[in-house]
Amino acid sequence: MLTSTHGLIIVFQYSCARDSTTSPRRLPAGPLDLERAWNIFTRLVNINPSNVTVITDIRTDGIWRDAGHLHVLDTADILEVIPYLVSFRKRSAGCHLCFHFSGHGISMIRRGIYSHGLILSGLGGTEERILWERDLLWLLTDHGGPLPFLTIEGSRMIQGQRNLIALHYPISLKSIPPPQSLFCIFDCCYAGGLFKLPGVYNSKVQNIKKIGEETIPFPIVCL
């Protein structure tokens, strides 16, 4: 088995609590997605199960229960997810990284730039929180993100349209060795937009090797 490779699997059936005032958007294929992600990492990529981290709201039993680090949450609360992401990054410093996300995704124009992100939740699972691709890359690799805090934009529905509310979460992250490579699988709405994870993109410019002026020192593959 590959001891220098670590896997992170995040599968959420809901972005908000099941008992919220609005009907939650349940993804019924979550357990199957989780099983398939586990098989991809442990059988195809041949990652040691002790090096796999699973973060999910799925409570049924499955082969993923053999993960070295299993975190079963009530909701996709970002305040609970981020510490596990930080712990994963510290454990996997300097190694090959494999990341699988299955859940809700979002696409939106932000400050004139077309951006994509992953939908999590906050405030006990009653409101949406968006983790944009740039910040996700920073959490996984320490490249291209904000310091010393992470800006998470909350999403509130007003007359059928989302209004973004910026929230700042302080995070203390020490610099770690970059990964040897980053392999990502995104199974969510607008996942095609996350193909641009390594760079900055708008309707006119796409740069797959740099974030701002920083050259990324490791290869990234997104599916």
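Every value quoted in this text rests on a predicted model; they were computed, and no experiment measured them.

Rules used in this analysis
Each chain has its residues counted from 1, following the order in which its sequence is written. Under the rules for a predicted model, residues below a pLDDT of 70 receive no local features and side-chain atom pairs below 80 are neither given nor counted, while totals for whole chains, interfaces and linings still include all residues. Here the side-chain values reflect all heavy atoms present in the structure, with hydrogen atoms and water set aside. To get an axis, fit a line to the C-alpha atoms, keeping to the stretch in contact for a helix; angles then go from 0 to 180 degrees between the N-to-C directions. Only DSSP runs of H or I covering at least 4 residues are called helices, and only runs of E covering at least 2 are called strands; the numbering of each starts at the N terminus. Angle categories are assigned with fixed cut-offs, so that under 35 degrees is roughly parallel, over 145 is roughly antiparallel, 65 to 115 is roughly perpendicular, and the rest are oblique. The contact criterion used throughout is that any non-hydrogen atoms of two residues lie within 4.5 Å. By the convention adopted, Pro, Cys, Tyr, Trp, Phe, Met, Ile, Leu, Val and Ala count as nonpolar, Lys, Arg, Asp and Glu as charged, and the other residues, Gly among them, as polar. DSSP bridges decide pairing: two strands pair if at least two such bridges lie between them.

Q: Sorry, what's going on with the packing of helix α2 (residues 78-91) against helix α3 (residues 133-141) here?
A: Each pair of packed helices can be described by the angle between their axes along with the distance between the axes. Running from N to C, α2 and α3 cross one another at 45°; their axes reach a closest spacing of 7 Å. For the element pair α2 / α3, the angle class is oblique. Between α2 and α3, the residues in contact are Ile82, Leu85, Phe88 and Arg89 and Trp138, Leu139, Leu140 and Thr141, respectively. Class assignment of the residues belonging to the contact of α2 with α3 gives a composition of six nonpolar, one polar and one charged.

Q: Would you mind showing me how to read the sheet that holds strand β2 (residues 52-56) here?
A: Two orientations exist for strands paired in a sheet by backbone hydrogen bonds: parallel and antiparallel. Across the sheet, six strands lie side by side as β3-β2-β1-β4-β10-β15; this open sheet has parallel pairing. Every interior strand has two partners, whereas the edge strands, β3 (69-72) and β15 (220-222), have only one. Mean inter-strand twist for the sheet, computed between neighbouring axes without regard to direction, equals 10°. Looking at chain direction, strand β4 (residues 96-102) and strand β10 (residues 181-187) are connected through seven bridges and run parallel. What sits directly across from histidine 96, in β10, is serine 181. Sheet strands in contact with α3 are β1 (5-11), β4, β10 and β15, and its direction is about 135° off that of β10.

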